[in-house]
Amino acid sequence: MSNNNDIKAFADADGHFRRQKSTFRDHISREPGAEFPPEKDRYVLYINWGCPWANRTAIVRMLKGLEFIIELVVMDYEMFPDGWGYTGAHGTMPKDPLYGFTRHRQLYEKASPGYTGRVLVPTLWDRKTETIVNNESSEIIRMFFTEFDGLVEEKYREAAHPQGGYLPESSKEKIEVFNAWVYDDINNGVYKTGFATSQEAYDENVEKLFAALDRVEAHLEKSEGKFLFGNHVTEADIRLFPSIARFDVAYYTLFKCNLKMIRHDYPKIERWYRNLYYDDNEYTRGGAFRRATYFDHVVPKGPVPDILPQDT
Ligand SMILES: N[C@@H](CCC(=O)N[C@@H](CS)C(=O)NCC(=O)O)C(=O)O
(Lines give C-alpha, C1' and ligand atoms only; values in the text may rest on other atoms or scores of the structure.)
Protein backbone atom coordinates (compact mmCIF):
# COMPACT_ATOMS: atom_id res chain seq x y z
CA MET A 1 0.00 0.00 0.00
CA SER A 2 1.48 3.32 -0.92
CA ASN A 3 1.62 6.01 1.71
CA ASN A 4 0.22 8.84 -0.35
CA ASN A 5 -2.47 11.44 0.10
CA ASP A 6 -5.28 9.45 -1.47
CA ILE A 7 -6.68 7.29 1.29
CA LYS A 8 -8.33 4.95 -1.22
CA ALA A 9 -5.25 4.46 -3.40
CA PHE A 10 -4.53 0.95 -2.25
CA ALA A 11 -2.60 -0.64 -5.15
CA ASP A 12 1.03 -0.05 -6.05
CA ALA A 13 2.08 1.20 -9.50
CA ASP A 14 2.17 -2.36 -10.90
CA GLY A 15 -1.51 -2.87 -10.02
CA HIS A 16 -0.87 -5.16 -7.05
CA PHE A 17 -2.16 -4.42 -3.55
CA ARG A 18 0.49 -5.06 -0.88
CA ARG A 19 -0.67 -4.86 2.71
CA GLN A 20 1.38 -2.62 4.96
CA LYS A 21 2.59 -4.08 8.25
CA SER A 22 0.70 -2.95 11.33
CA THR A 23 2.78 -0.42 13.24
CA PHE A 24 1.95 -0.96 16.91
CA ARG A 25 3.10 -4.36 18.08
CA ASP A 26 3.30 -4.36 21.87
CA HIS A 27 1.71 -7.07 23.95
CA ILE A 28 -0.50 -7.39 26.96
CA SER A 29 1.22 -10.02 29.05
CA ARG A 30 0.77 -11.84 32.34
CA GLU A 31 4.55 -12.08 32.75
CA PRO A 32 5.71 -10.33 35.94
CA GLY A 33 6.93 -6.81 35.21
CA ALA A 34 5.17 -6.62 31.83
CA GLU A 35 4.67 -3.11 30.49
CA PHE A 36 1.03 -3.92 29.64
CA PRO A 37 -0.33 -6.30 32.28
CA PRO A 38 -3.92 -7.60 32.01
CA GLU A 39 -6.20 -5.35 34.06
CA LYS A 40 -9.92 -4.77 34.14
CA ASP A 41 -11.14 -1.46 32.60
CA ARG A 42 -7.68 -0.55 31.37
CA TYR A 43 -7.82 -1.51 27.68
CA VAL A 44 -10.19 -0.34 24.94
CA LEU A 45 -10.83 -2.11 21.64
CA TYR A 46 -11.69 0.20 18.73
CA ILE A 47 -13.48 -1.40 15.79
CA ASN A 48 -16.09 -0.95 13.13
CA TRP A 49 -18.47 -3.76 12.24
CA GLY A 50 -17.54 -3.75 8.55
CA CYS A 51 -13.90 -4.68 8.95
CA PRO A 52 -13.20 -8.42 8.90
CA TRP A 53 -9.97 -8.02 10.88
CA ALA A 54 -11.77 -6.06 13.58
CA ASN A 55 -14.55 -8.62 13.43
CA ARG A 56 -12.21 -11.37 14.64
CA THR A 57 -11.21 -9.39 17.69
CA ALA A 58 -14.84 -8.62 18.56
CA ILE A 59 -15.74 -12.31 18.25
CA VAL A 60 -12.92 -13.37 20.57
CA ARG A 61 -13.81 -10.63 23.07
CA MET A 62 -17.27 -12.22 23.28
CA LEU A 63 -16.10 -15.85 23.24
CA LYS A 64 -13.72 -15.19 26.11
CA GLY A 65 -16.24 -13.30 28.26
CA LEU A 66 -14.14 -10.15 28.09
CA GLU A 67 -17.03 -7.71 27.66
CA PHE A 68 -16.77 -6.57 31.27
CA ILE A 69 -13.01 -6.27 31.17
CA ILE A 70 -12.23 -4.64 27.82
CA GLU A 71 -14.35 -1.71 26.65
CA LEU A 72 -15.54 -1.71 23.02
CA VAL A 73 -15.72 1.44 20.91
CA VAL A 74 -17.58 1.10 17.61
CA MET A 75 -17.08 3.73 14.94
CA ASP A 76 -18.80 4.11 11.57
CA TYR A 77 -18.23 1.50 8.90
CA GLU A 78 -17.99 4.24 6.29
CA MET A 79 -14.55 5.54 5.41
CA PHE A 80 -14.39 9.35 5.22
CA PRO A 81 -11.83 11.19 3.05
CA ASP A 82 -9.73 11.54 6.20
CA GLY A 83 -10.20 7.96 7.32
CA TRP A 84 -12.31 6.17 9.95
CA GLY A 85 -14.46 8.30 12.20
CA TYR A 86 -17.67 8.84 14.09
CA THR A 87 -21.07 10.23 13.17
CA GLY A 88 -23.36 8.08 15.29
CA ALA A 89 -25.50 7.68 12.17
CA HIS A 90 -25.79 3.89 12.24
CA GLY A 91 -26.31 3.23 15.93
CA THR A 92 -22.57 3.65 16.27
CA MET A 93 -20.89 6.14 18.58
CA PRO A 94 -21.15 9.89 17.90
CA LYS A 95 -17.56 10.43 18.98
CA ASP A 96 -14.68 8.75 20.72
CA PRO A 97 -15.96 8.30 24.30
CA LEU A 98 -12.47 8.69 25.79
CA TYR A 99 -11.35 11.94 24.19
CA GLY A 100 -14.28 13.27 22.13
CA PHE A 101 -12.38 12.74 18.88
CA THR A 102 -14.41 12.58 15.69
CA ARG A 103 -11.72 10.91 13.60
CA HIS A 104 -9.75 7.81 14.54
CA ARG A 105 -6.58 9.47 13.21
CA GLN A 106 -6.66 11.75 16.26
CA LEU A 107 -6.19 8.73 18.53
CA TYR A 108 -3.18 7.59 16.48
CA GLU A 109 -1.75 11.10 16.71
CA LYS A 110 -2.24 11.07 20.46
CA ALA A 111 -0.27 7.83 20.67
CA SER A 112 2.34 8.93 18.19
CA PRO A 113 2.49 12.67 17.46
CA GLY A 114 3.14 13.30 13.77
CA TYR A 115 1.97 9.79 12.81
CA THR A 116 1.80 9.49 9.03
CA GLY A 117 1.03 5.80 8.54
CA ARG A 118 -2.34 4.23 7.84
CA VAL A 119 -4.94 4.46 10.54
CA LEU A 120 -6.30 0.97 11.04
CA VAL A 121 -8.97 -0.84 12.96
CA PRO A 122 -8.82 -2.87 15.09
CA THR A 123 -6.87 -0.75 17.56
CA LEU A 124 -6.16 -1.82 21.13
CA TRP A 125 -5.72 1.22 23.37
CA ASP A 126 -4.26 1.48 26.86
CA ARG A 127 -6.03 4.09 29.02
CA LYS A 128 -3.23 4.14 31.56
CA THR A 129 -0.27 4.99 29.35
CA GLU A 130 -2.53 6.61 26.71
CA THR A 131 -1.06 4.72 23.82
CA ILE A 132 -1.86 2.06 21.26
CA VAL A 133 -0.74 -1.34 22.46
CA ASN A 134 -1.34 -3.16 19.21
CA ASN A 135 -3.21 -2.81 15.89
CA GLU A 136 -2.69 -6.27 14.45
CA SER A 137 -5.75 -8.48 14.79
CA SER A 138 -3.88 -11.79 14.70
CA GLU A 139 -1.87 -10.70 17.74
CA ILE A 140 -4.80 -9.08 19.56
CA ILE A 141 -6.83 -12.30 19.40
CA ARG A 142 -3.96 -14.31 20.86
CA MET A 143 -3.65 -11.88 23.78
CA PHE A 144 -7.39 -12.22 24.34
CA PHE A 145 -7.15 -16.03 24.26
CA THR A 146 -4.69 -16.31 27.11
CA GLU A 147 -3.60 -13.16 28.89
CA PHE A 148 -6.85 -12.29 30.68
CA ASP A 149 -7.54 -15.82 31.91
CA GLY A 150 -6.77 -14.76 35.47
CA LEU A 151 -9.65 -12.25 35.28
CA VAL A 152 -12.40 -14.09 33.40
CA GLU A 153 -14.86 -16.63 34.77
CA GLU A 154 -13.38 -20.11 34.98
CA LYS A 155 -15.56 -21.47 32.18
CA TYR A 156 -14.01 -19.02 29.70
CA ARG A 157 -10.42 -19.91 30.45
CA GLU A 158 -8.30 -21.81 27.96
CA ALA A 159 -8.01 -24.66 30.45
CA ALA A 160 -11.80 -25.11 30.29
CA HIS A 161 -11.90 -25.29 26.46
CA PRO A 162 -12.66 -28.92 25.53
CA GLN A 163 -9.74 -29.07 23.10
CA GLY A 164 -7.34 -27.34 25.48
CA GLY A 165 -7.74 -23.80 24.18
CA TYR A 166 -8.47 -21.89 20.99
CA LEU A 167 -4.94 -22.69 19.90
CA PRO A 168 -4.37 -26.12 21.41
CA GLU A 169 -0.73 -27.18 21.69
CA SER A 170 -1.57 -30.51 20.01
CA SER A 171 -2.80 -28.90 16.78
CA LYS A 172 -1.03 -25.53 16.93
CA GLU A 173 1.35 -26.36 14.11
CA LYS A 174 -1.39 -27.59 11.78
CA ILE A 175 -3.56 -24.57 12.57
CA GLU A 176 -0.70 -22.18 11.86
CA VAL A 177 0.04 -23.78 8.50
CA PHE A 178 -3.66 -23.57 7.64
CA ASN A 179 -3.90 -19.93 8.82
CA ALA A 180 -0.92 -18.93 6.70
CA TRP A 181 -2.37 -19.90 3.32
CA VAL A 182 -5.89 -18.84 4.33
CA TYR A 183 -4.44 -15.42 5.17
CA ASP A 184 -2.49 -15.05 1.92
CA ASP A 185 -5.10 -16.34 -0.46
CA ILE A 186 -8.47 -15.72 1.25
CA ASN A 187 -8.42 -13.17 4.13
CA ASN A 188 -5.99 -10.94 2.28
CA GLY A 189 -6.65 -12.59 -1.10
CA VAL A 190 -10.03 -10.90 -1.47
CA TYR A 191 -8.33 -7.52 -1.03
CA LYS A 192 -5.54 -8.40 -3.46
CA THR A 193 -8.27 -9.30 -5.95
CA GLY A 194 -10.58 -6.37 -5.24
CA PHE A 195 -7.91 -3.67 -5.06
CA ALA A 196 -5.96 -4.87 -8.13
CA THR A 197 -5.71 -2.17 -10.75
CA SER A 198 -4.30 -4.30 -13.57
CA GLN A 199 -5.88 -7.30 -15.29
CA GLU A 200 -2.76 -9.33 -14.65
CA ALA A 201 -2.86 -8.63 -10.88
CA TYR A 202 -6.59 -9.37 -10.74
CA ASP A 203 -6.32 -12.64 -12.69
CA GLU A 204 -3.45 -13.92 -10.60
CA ASN A 205 -5.18 -13.24 -7.31
CA VAL A 206 -8.71 -14.29 -8.19
CA GLU A 207 -7.44 -17.69 -9.27
CA LYS A 208 -5.42 -18.18 -6.10
CA LEU A 209 -8.46 -17.16 -4.06
CA PHE A 210 -10.75 -19.79 -5.57
CA ALA A 211 -8.04 -22.46 -5.44
CA ALA A 212 -7.78 -21.74 -1.70
CA LEU A 213 -11.55 -21.96 -1.24
CA ASP A 214 -11.46 -25.32 -3.05
CA ARG A 215 -8.78 -26.35 -0.57
CA VAL A 216 -10.91 -25.32 2.43
CA GLU A 217 -13.84 -27.28 0.96
CA ALA A 218 -11.63 -30.37 0.64
CA HIS A 219 -10.29 -29.84 4.16
CA LEU A 220 -13.83 -29.74 5.59
CA GLU A 221 -14.74 -32.85 3.62
CA LYS A 222 -12.07 -34.71 5.60
CA SER A 223 -12.54 -32.90 8.90
CA GLU A 224 -13.40 -35.12 11.84
CA GLY A 225 -15.66 -32.62 13.54
CA LYS A 226 -18.06 -29.80 12.75
CA PHE A 227 -15.24 -27.28 12.68
CA LEU A 228 -11.98 -26.88 10.84
CA PHE A 229 -9.92 -28.67 13.48
CA GLY A 230 -12.25 -30.96 15.38
CA ASN A 231 -15.49 -30.58 17.26
CA HIS A 232 -14.73 -27.24 18.82
CA VAL A 233 -14.03 -23.75 17.60
CA THR A 234 -10.33 -22.97 17.24
CA GLU A 235 -8.36 -19.99 15.98
CA ALA A 236 -8.66 -21.32 12.42
CA ASP A 237 -12.47 -20.99 12.50
CA ILE A 238 -12.30 -17.52 14.02
CA ARG A 239 -9.85 -16.26 11.39
CA LEU A 240 -11.74 -17.68 8.41
CA PHE A 241 -15.31 -16.82 9.49
CA PRO A 242 -15.30 -13.02 8.83
CA SER A 243 -14.10 -13.55 5.24
CA ILE A 244 -16.78 -16.14 4.49
CA ALA A 245 -19.53 -14.05 6.10
CA ARG A 246 -18.69 -11.22 3.69
CA PHE A 247 -18.11 -13.36 0.63
CA ASP A 248 -21.42 -13.72 -1.21
CA VAL A 249 -22.87 -10.43 0.03
CA ALA A 250 -19.89 -8.17 -0.57
CA TYR A 251 -16.71 -9.65 -2.03
CA TYR A 252 -18.52 -11.47 -4.86
CA THR A 253 -19.67 -8.18 -6.35
CA LEU A 254 -17.64 -5.36 -4.83
CA PHE A 255 -14.27 -7.12 -5.07
CA LYS A 256 -15.08 -9.04 -8.28
CA CYS A 257 -14.56 -12.39 -6.52
CA ASN A 258 -17.21 -13.90 -8.74
CA LEU A 259 -16.07 -17.22 -10.13
CA LYS A 260 -18.20 -19.07 -7.59
CA MET A 261 -20.45 -18.36 -4.61
CA ILE A 262 -20.16 -19.95 -1.20
CA ARG A 263 -23.90 -20.72 -1.00
CA HIS A 264 -24.11 -22.40 -4.40
CA ASP A 265 -20.69 -23.92 -4.96
CA TYR A 266 -19.14 -24.79 -1.62
CA PRO A 267 -21.61 -26.94 0.35
CA LYS A 268 -19.16 -27.85 3.13
CA ILE A 269 -18.01 -24.29 3.70
CA GLU A 270 -21.63 -23.10 3.59
CA ARG A 271 -22.66 -25.70 6.21
CA TRP A 272 -19.69 -24.80 8.44
CA TYR A 273 -20.50 -21.08 8.08
CA ARG A 274 -24.18 -21.46 8.90
CA ASN A 275 -23.35 -23.76 11.83
CA LEU A 276 -21.19 -21.05 13.35
CA TYR A 277 -23.55 -18.21 12.51
CA TYR A 278 -26.69 -19.83 13.94
CA ASP A 279 -24.99 -21.51 16.88
CA ASP A 280 -26.61 -20.74 20.23
CA ASN A 281 -24.57 -23.04 22.41
CA GLU A 282 -22.47 -22.17 25.37
CA TYR A 283 -19.26 -22.71 23.38
CA THR A 284 -20.12 -19.74 21.18
CA ARG A 285 -21.42 -17.81 24.21
CA GLY A 286 -24.89 -18.15 22.74
CA GLY A 287 -24.15 -16.72 19.31
CA ALA A 288 -20.93 -14.70 19.35
CA PHE A 289 -20.43 -15.18 15.61
CA ARG A 290 -23.95 -14.02 14.77
CA ARG A 291 -23.85 -11.06 17.15
CA ALA A 292 -20.63 -9.83 15.55
CA THR A 293 -21.98 -10.08 11.98
CA TYR A 294 -23.89 -7.21 10.38
CA PHE A 295 -25.25 -7.21 6.86
CA ASP A 296 -26.54 -3.65 6.84
CA HIS A 297 -23.59 -1.75 5.39
CA VAL A 298 -23.85 -0.25 1.93
CA VAL A 299 -23.44 -3.43 -0.08
CA PRO A 300 -25.07 -4.73 -3.25
CA LYS A 301 -28.73 -5.70 -2.89
CA GLY A 302 -28.19 -9.29 -4.00
CA PRO A 303 -27.94 -12.05 -3.24
CA VAL A 304 -31.12 -12.18 -1.17
CA PRO A 305 -31.25 -13.14 1.66
CA ASP A 306 -27.90 -12.17 3.17
CA ILE A 307 -27.58 -15.57 4.78
CA LEU A 308 -29.73 -18.60 3.94
CA PRO A 309 -31.92 -20.03 6.71
CA GLN A 310 -30.33 -22.57 9.02
CA ASP A 311 -31.74 -25.75 7.50
CA THR A 312 -32.06 -25.39 3.73
N1 LIG B 1 -3.30 -6.55 9.51
C2 LIG B 1 -4.27 -5.73 10.07
C3 LIG B 1 -5.17 -5.16 8.98
C4 LIG B 1 -6.20 -4.22 9.49
C5 LIG B 1 -6.85 -3.43 8.35
O6 LIG B 1 -6.36 -3.40 7.20
N7 LIG B 1 -7.97 -2.78 8.64
C8 LIG B 1 -8.64 -1.98 7.62
C9 LIG B 1 -10.15 -2.06 7.74
S10 LIG B 1 -10.81 -3.58 7.21
C11 LIG B 1 -8.30 -0.53 7.81
O12 LIG B 1 -8.38 -0.03 8.91
N13 LIG B 1 -7.97 0.17 6.72
C14 LIG B 1 -7.74 1.58 6.73
C15 LIG B 1 -6.65 1.99 5.77
O16 LIG B 1 -5.99 1.11 5.21
O17 LIG B 1 -6.48 3.18 5.63
C18 LIG B 1 -5.04 -6.55 11.09
O19 LIG B 1 -5.28 -7.74 10.83
O20 LIG B 1 -5.38 -6.02 12.13
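Parameters and conventions
The numbering scheme is per chain: residues are counted from 1 as the chain's sequence reads. At least 70 in pLDDT is required for a residue's local features to be given in this predicted model, at least 80 for side-chain atom pairs to be given and counted, and no such filter applies to totals for whole chains, interfaces and linings, which use all residues. Hydrogen atoms and water are omitted, and side-chain values are computed over all heavy atoms in the structure. We call a residue near a given molecule or strand whenever any one of its heavy atoms falls within 4 Å of it. Counting of polar contacts relies on pairs of N or O atoms within 3.5 Å, with two restrictions inside protein: one atom must be capable of donating a hydrogen and the other of accepting it, and residues adjacent in sequence are counted only when both atoms are side-chain atoms. Residue-level accessible areas treat just the shown protein chains as cover; the underlying method is Shrake-Rupley with a 1.4 Å probe. Note that Gly is not counted as nonpolar here; it falls among the polar residues with everything else outside the nonpolar set of Ala, Val, Leu, Ile, Met, Phe, Trp, Tyr, Cys and Pro and the charged set of Asp, Glu, Lys and Arg. Cavity: a set of points on a 1 Å grid over the protein atoms alone where a 1.4 Å probe fits but cannot get out. Pocket: an open set with protein on both sides within 12 Å along at least five of seven lines, its lining residues, like those of a cavity, having an atom within 4 Å of a point. Grid points are joined across faces, edges and corners, and a volume is the space filled by probe spheres set on the points. Each domain's extent is set by a domain assignment, obtained either automatically or from a database. The buried label goes to any residue with under 20% of its type's maximum accessible area, the exposed label to any with over 50%, and the partly exposed label to all in between, with areas taken from a 1.4 Å probe on protein chains only. Working definition: helices are DSSP H or I runs of at least four residues, strands are E runs of at least two. Numbering for both runs from the N terminus. For two strands to be treated as a pair, DSSP must find at least two bridges joining them. Two residues form a contact once any of their heavy atoms are found within 4.5 Å. Two parts placed together each lose some accessible area under a 1.4 Å probe, and the buried area is that loss summed for both. Between Lys or Arg on one side and Asp or Glu on the other, a salt bridge is scored when a side-chain nitrogen of the former is within 4 Å of a carboxyl oxygen of the latter. Residues enter a nonpolar core if they are buried and are Ala, Val, Leu, Ile, Met, Phe, Trp, Tyr or Cys, with the set joined through side-chain atoms within 4.5 Å. A fitted line through C-alpha atoms represents every axis, and for helices the fit uses only the stretch in contact; the resulting angles, taken between N-to-C directions, go from 0 to 180 degrees. Orientation categories follow fixed angle ranges, with anything under 35 degrees roughly parallel, anything over 145 roughly antiparallel, 65 to 115 roughly perpendicular, and all other angles oblique. UniProt positions are given in the numbering used here, feature names are shortened, and annotations may be inferred rather than shown by experiment. A pair of Phe, Tyr and Trp rings is counted when the ring centres sit within 6.5 Å of each other, with Trp represented by its six-membered ring. The angle between the planes then sorts it: under 30 degrees is stacked, over 60 is edge-to-face, the rest tilted.

Turning to the site of the ligand, a few remarks are in order. With respect to spatial proximity, 17 residues lie near the ligand, and among them Arg19, Cys51, Trp84, Glu136 and Ser137 are the closest. A distance of 2.8 Å is found between an oxygen atom of the ligand and a side-chain nitrogen or oxygen belonging to Trp84. For the ligand, the accessible surface in isolation is 510 Å², of which the surrounding protein chains cover 92%. Of the residues that constitute the shell around the ligand, the class distribution is 11 nonpolar, three polar and three charged.

Before going further, it helps to spend a moment on the layout of surface pockets. In this model, the second largest pocket occupies a volume close to 220 Å³. Forming the walls of the second largest pocket are 14 residues, and the residues nearest its centre are Lys155, His161, Tyr166, Glu282 and Tyr283. Broken down by class, the residue content of the lining of the second largest pocket amounts to seven nonpolar, two polar and five charged. In terms of domain composition, the lining of the second largest pocket takes at least three residues from each of domain 1 (43–160) and domain 2 (169–291).

With that out of the way, let us pick up the pairing of strand β3 (residues 123–126). Going residue by residue along β3, you find Thr123 and Trp125 tucked away on one face and Leu124 and Asp126 tucked away on the opposite face as well. Note that strand β1 (residues 43–47) and β3 share four bridges and pair antiparallel. The partner of Tyr43 across the bridge, within β3, is Asp126. Pairing geometry for β3 and strand β4 (residues 131–134), over three bridges, is antiparallel. By the bridge assignment, Trp125 is partnered in β4 with Ile132. In this structure, the hairpin formed by β3 and β4 is closed by a connection of four residues, where Glu130 is found at a positive phi of approximately 50°.

Tracing the sequence through the fold places Asp126 in strand β3. A polar contact of 3.1 Å, which involves the side chain of Asp126, links it to the backbone nitrogen of Lys128. A polar contact of 2.6 Å, which involves the side chain of Asp126, links it to the side chain of Thr129.

Turning to empty space enclosed by the protein, a few remarks are in order. Applying the stated criterion to the full structure yields two cavities of 30 Å³ or more. The space that makes up the largest cavity amounts to roughly 70 Å³. Looking at the largest cavity, the residues that line it are Ile244, Ala245, Asp248, Val249, Ile262, Arg263, Glu270, Tyr273, Asp306, Ile307 and Leu308. The set of elements that each furnish at least two residues to the lining of the largest cavity consists of α7 (235–245), α8 (247–254), α9 (262–265) and α10 (267–278).

Our next topic: the domain arrangement of the protein. Looking at the assigned domains, one finds that the protein contains domain 1 (43–160) and domain 2 (169–291). Each side of the interface is counted separately: domain 1 has 19 residues, and domain 2 has 20 residues. Roughly 1700 Å² is buried in total at the junction of domain 1 and domain 2, and carbon and sulfur atoms are behind 57% of that figure. For the domain 1 face of the interface with domain 2, the top three residues by lost area are Trp53, Met62 and Leu63, together amounting to 31%. On the surface where domain 1 and domain 2 come into contact, there are four salt bridges.

The subject of this paragraph is the nonpolar core. Soluble globular proteins: nonpolar side chains tend toward being buried together. In this structure, Leu213, Val216 and Trp272 are the most contacted members of the largest nonpolar core, which totals 96 residues. Broken down by element, this core gets its largest block of residues, nine residues, from helix α6 (residues 199–222). Each of domain 1 (43–160) and domain 2 (169–291) contributes no fewer than three residues to this core. Sequence-distant contacts of Leu213, defined by excluding residues within four places in its chain, comprise Ile186, Ile244, Phe247, Ile262, Tyr266 and Ile269.

Quick look at the packing of α7 against α10 now. At their nearest, the axes of α7 and α10 sit 11 Å apart, and the two run at 105° to each other. With respect to α10, the element α7 is oriented roughly perpendicular. Counting all contacts with α7, which are made through Asp237, Leu240, Phe241, Ile244 and Ala245, the residues of α10 involved are Ile269, Trp272, Tyr273, Leu276 and Tyr277. Across the contact of α7 with α10, the residue classes break down as nine nonpolar, no polar and one charged.

Let us now look at α7. In terms of residue burial, α7 counts as a mostly covered element, since 11 of its 11 residues are buried. Within the sequence span of α7, burial applies to Glu235, Ala236, Asp237, Ile238, Arg239, Leu240, Phe241, Pro242, Ser243, Ile244 and Ala245.

Feature annotation in UniProt assigns "site: Lowers pKa of active site Cys" (unreviewed entry) to the following positions: Tyr251 and Tyr294. Inspection of the secondary structure puts Tyr251 in helix α8. Taking relative accessible area as the criterion, Tyr251 reaches 5% and is therefore assigned buried. Setting aside anything within four residues of it in sequence, one finds Tyr251 in contact with Pro52, Val190, Tyr191, Ser243, Arg246, Lys256 and Cys257. For Tyr294, the position within the fold is in the segment after α11 (288–291).

We now examine the packing of aromatic side chains. How two aromatic rings sit relative to each other is set out by the distance from centre to centre and by the angle between their planes. By the definition in use, this model includes 31 aromatic pairs. The interplanar angle of 50° and the centroid separation of 5.1 Å between the aromatic rings of Tyr108 and Tyr115 together place this pair among those described as tilted. Taking relative accessible area as the criterion, Tyr108 reaches 0% and is therefore assigned buried. Under the relative-accessibility criterion, Tyr115 is labelled buried at 10%. Centre to centre, the rings of Phe247 and Tyr251 are 6.2 Å apart; their planes meet at 90°, and the pair counts as edge-to-face. With a gap of four residues between them, Phe247 and Tyr251 both fall in helix α8, about one helical turn apart. Among the aromatic residues, those joined into a cluster by ring pairs are Phe10, Phe17, Trp53, Tyr183, Tyr191, Phe195, Phe210, Phe247, Tyr251 and Phe255.

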